[in-house]
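# Descriptive analysis of the structure
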Amino acid sequence: ITHSETYLFMEQPVRALNETLRAEMRRFLNEIPPDQIERESLIVNQKVIESERYRTSKRISVYISKQRAEISTKSIIYDIFSKEKLCYVPRWTGASMEMVKLNSLQDYLSLEDSVDELGFPTLDNQEREIATQLDLIIIPGMAYDLDGNRLSYNREDPYNEYLAKCERWKSPPKIMALALDGQILRDGNVPVTDENRKPHIILSPSQDIW
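Below you will find a few notes about this structure. (Residues numbered from 1 in each chain as written. Predicted model: local features only at pLDDT ≥ 70, side-chain atom pairs only at ≥ 80, totals over all residues. Heavy atoms only, no water.)

Within the protein one finds 6 helices and 10 strands. Since a compact globule built from 210 residues should have a radius of gyration of about 17 Å, the 17 Å found for the protein is in line with a globular shape. Judged by the C-alpha coordinates and their principal axes, the protein covers about 50 × 40 × 30 Å. Put simply, the protein has 210 residues, and 48% of those count as buried. Once local pairs closer than 6 in sequence are excluded, the contacts in the protein between residues at least 24 apart make up 76%. (Helix = DSSP H or I, 4+ residues; strand = E, 2+ residues; numbered from the N terminus. Rg over C-alpha atoms; globule rule 2.2 N^0.38 Å. Buried < 20%, exposed > 50% of the residue type's maximum accessible area, 1.4 Å probe, protein only. Contact = heavy atoms within 4.5 Å.)

If you want it as structure tokens, here you go:
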């Protein structure tokens, strides 16, 4: 049996376990009241903005929040532009993910309603700068365990491939994940394979995981 065949054999149970966990999390997250999500988003956004990693970063990639139950990033994006940092957002090319630069706050506002369920905005045809170096990447996730492992919203997660590519950059970026308190698994684990990439830090309202 080859290495790739062994990996695929090991990966199948992990995928099945993750699909079960996603279904459980989806039911749980759909029951969180919108006002609670808003309160928790305010707390986490403030944590991000006050963190040293954010304050010392110039080139920042951040997801545009789309899921009903996840930390909103709107205040973070507003702050990026108010502090004259450079803001990048994920774009799906059809084969892979890349981070592209937003030109202004108005640029962001014009894209906000076009974001699909995977968090990718429908970008216009104008040429945009594609990031080849970032200081900080802020990523979403459906659930996290106390070891820092992340469950993506979908079976095929473009972030793992992208973060693996970033590890080969001359100066790899720091990875920060944002979570509602209910997205932290206190008594369970996220099943993972060698393909999964951990964030350097996970921020939630009541707990930070390093």
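Now for the sheet that holds strand 5 (residues 143-145). Pairing within the open sheet is mixed, and its 3 strands lie in the order 6-5-8. This sheet does not close on itself; its edge strands, each paired only once, are strand 6 (150-151) and strand 8 (184-185). Across 2 bridges, strand 5 lies against strand 6 in antiparallel orientation. Looking across to strand 6, one finds that Y144 is bridged to R150. (Pairing = 2+ DSSP bridges.)

A few words on the pairing of strand 2 (residues 86-92). Of all 7 residues that make up strand 2, 5 are buried, and the element is covered over most of its length. Handedness of the crossover joining strand 1 (residues 59-62) and strand 2 through helix 4 (residues 74-82) is recorded here as right-handed. Two elements, strand 2 and strand 3 (residues 97-101), share 5 bridges in a ladder whose sense is antiparallel. Bridge pairing links W92 to M97 in strand 3. Linking strand 2 back to strand 3 in an antiparallel pair, the connection comprises 4 residues, with G94 at a positive phi of about 105°. (Right-handed = clockwise from strand over helix to strand, strands pointing away.)

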